[in-house]
Amino acid sequence: MAKMNIKSKSECTYDCISLGEVMLRLDPGEGRIRTTRQFRAWEGGGEYNVSRGLRRCFGKKTAIITALADNEVGALIEDFMLQGGLDTQFVKWVEYDGCGRTVRNGLNFTERGFGIRGAKGVSDRGNTAASQLKPGDIDWEYIFGTLGVRWMHTGGIFAALSETAAETVIEAVKIAKKYGTIVSYDLNYRPSLWKAIGGEAKAQEVNREIAKYVDVMIGNEEDFTACLGLEVKGNDENLKELDLSGYKSMIESATKEFPNFQAIATTLRTVKTATVNSWGAICYYEGKIHEAQHREDLEIMDRVGGGDSFASGLIYGFLEFNDGALAVEYGAAHGALAMTTPGDTTMATLSEVEKIIGGGSARVDR
């Protein structure tokens, strides 16, 4: 199989853009949502985190396509995004009604978990501005045709927010393909988002339609099963042991059903406790399966955003080297590092990622 035809940096304004919702994340730190008296504020969003990682860790030029209610909370989220270094010129600002009856900004309360107590997330995102994005709201012809974009990333969290959000994804990816932009999609199945609108059956209906336009499909074992109906055989229900042959069989099925997939990447996570996971990844590219260095008993501070940071490292590897073996190593190392710091988004540097890939230790660096 041939390599992906990735557009050169010289012919594009952006290395990567993301389409998705950005929420205000409220984090009780070492405490719990139900008993805390204070929260630390961050920004976060499954699709956004990927372009932010590409900008902050990997130095790529990125932008976010989203919508915010035009109030003080929206301004705070924008301030975080500006600190993340993303171009925010495509943010659609929606007039706030003063109450949130018709439009608001999303909140995401997330506690990290520790030991035997798992992480917990509580989203408060009904009626958000991003969920109301619809076809025709964004000038995709201008973005992909006039400005030029090497890579577009979006995912199943945004597609689950509403019928029009899913339609917006399809509108975007069709025009991206028209102009030769590589499209990646993180399935990111969230039962809480789908349960009131049709559950797994609806998730498969939506995601299988979007999948027809995707070049690089990303997810974990639950994502591929729930969103695309592709079973990963040999894994027990609690994923305490991972059977790699099951993933290889699933990848074969995926490429037969969706011959447009040029690469498939999946993270391999075994949760031993909230603070100790085994972590790895595989990537199918050019007809071969590449496996990243497996990190047994990885110590974790905050697991949320680890998969997004994997995706940004993976995309960097493709943009920079167009090499599946390197891409999956950059993804796995960046995801591992991102889970050692609080918040959804990366605090890692490229030199730290490359040190980890090269087998560097955690000795003090001075």
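In what follows, the accompanying structure is described. Everything quoted here is computed from the prediction, not taken from an experiment. (Residues numbered from 1 in each chain as written. Predicted model: local features only at pLDDT ≥ 70, side-chain atom pairs only at ≥ 80, totals over all residues. Heavy atoms only, no water.)

**Some words on the overall build of the protein**
Summing up its helical and strand segments, the protein has twelve helices and 15 strands in all. Radius of gyration (C-alpha) of the protein: 19 Å, near the 21 Å computed for a compact globule of 366 residues. Projecting the C-alpha coordinates of the protein onto the three principal axes gives extents of approximately 50 × 50 × 45 Å. The burial tally for the protein puts 56% of its 366 residues in the buried class. Across the protein, the centroid of the 42 positively charged side chains sits 2 Å from that of the 51 negatively charged ones. (Helix = DSSP H or I, 4+ residues; strand = E, 2+ residues; numbered from the N terminus. Rg over C-alpha atoms; globule rule 2.2 N^0.38 Å. Buried < 20%, exposed > 50% of the residue type's maximum accessible area, 1.4 Å probe, protein only. Lys, Arg positive; Asp, Glu negative; His and termini not counted. Charge placed at Lys NZ, Arg CZ, Asp CG, Glu CD.)

**Some details on the packing of aromatic side chains**
We describe a pair of aromatic rings using the distance from one ring centre to the other and the angle between the two ring planes. As enumerated under the stated definition, the model contains ten aromatic pairs in all. Where Phe58 meets Tyr316, the ring centres are 4.5 Å apart and the plane angle is 20°; that geometry is what we call stacked. Note that Phe58 is positioned in the loop between helix H1 (46-56) and strand E4 (62-65) and Tyr316 in helix H10 (residues 306-321), a separation of 258 residues in sequence. Accessibility assignment for this pair places Phe58 and Tyr316 in one class, buried. By relative accessible area, which is 5% here, Tyr316 ends up buried. An aromatic cluster of at least three residues, connected via ring pairs, comprises Phe58, Tyr316, Phe321 and Tyr330. One residue, Lys61, lies across the ring of Tyr14, its end atom 5.6 Å from the ring centre. (Phe/Tyr/Trp six-rings, centres within 6.5 Å; stacked < 30°, edge-to-face > 60°. Lys NZ or Arg CZ within 6 Å of the ring centre and 35° of its normal.)

**As for a negative patch on the surface**
On the surface, Asp70, Glu72, Glu95 and Asp97 cluster together into a negatively charged patch. You can see Asp70 is positioned in strand E5 (residues 67-70). (Patch = residues over 30% accessible without salt bridge, like charges linked within 9 Å, V, L, I, M, F, W, Y side chains within 5 Å. Areas by Shrake-Rupley, 256 points an atom, 1.4 Å probe, with all protein chains shown as cover. Salt bridge = Lys/Arg side-chain N within 4 Å of Asp/Glu carboxyl O.)

**Comments concerning the state of the cysteines**
Counting across every chain of the model gives zero disulfides. Cys16 supplies the cysteine sulfur nearest to Cys12, a cysteine that is in no disulfide, at a spacing of 11 Å. A relative accessible area of 11% places Cys12 in the buried class. (Disulfide = S-S within 2.5 Å.)

**Side note on empty space enclosed by the protein**
If you walk through the whole model with that rule in mind, you get one cavity of 30 Å³ or more. Counted as a void, the largest cavity has a volume near 30 Å³. (1 Å grid on protein atoms, 1.4 Å probe; cavity = no way out; pocket = protein on both sides within 12 Å on 5 of 7 lines; lining within 4 Å. Points joined across faces, edges and corners; volume = space filled by probe spheres on them.)

**Quick look at the pattern of salt bridges**
Per the stated rule, a full pass over the model turns up 22 salt bridges. Among the ionic pairs, Asp27 bridges to Arg25, the shortest N-O distance being 3.6 Å. Accessibility expressed as a relative area gives 2% for Asp27, which makes it buried. Across the pair Glu163 and Lys202 runs a salt bridge, and its minimum N-O distance is 3.1 Å. Pair noted here: Glu163 is in helix H5 (residues 163-178) and Lys202 is in helix H7 (residues 199-211), with a separation of 39 residues, a long-range link. Residue classification places Glu163 among the partly exposed residues on the basis of a relative accessible area of 49%. Given the relative accessible area of 16%, Lys202 is considered buried. Among the charged side chains, a salt-bridge network with shared partners connects Arg25, Asp27, Arg112, Asp302 and Asp344.

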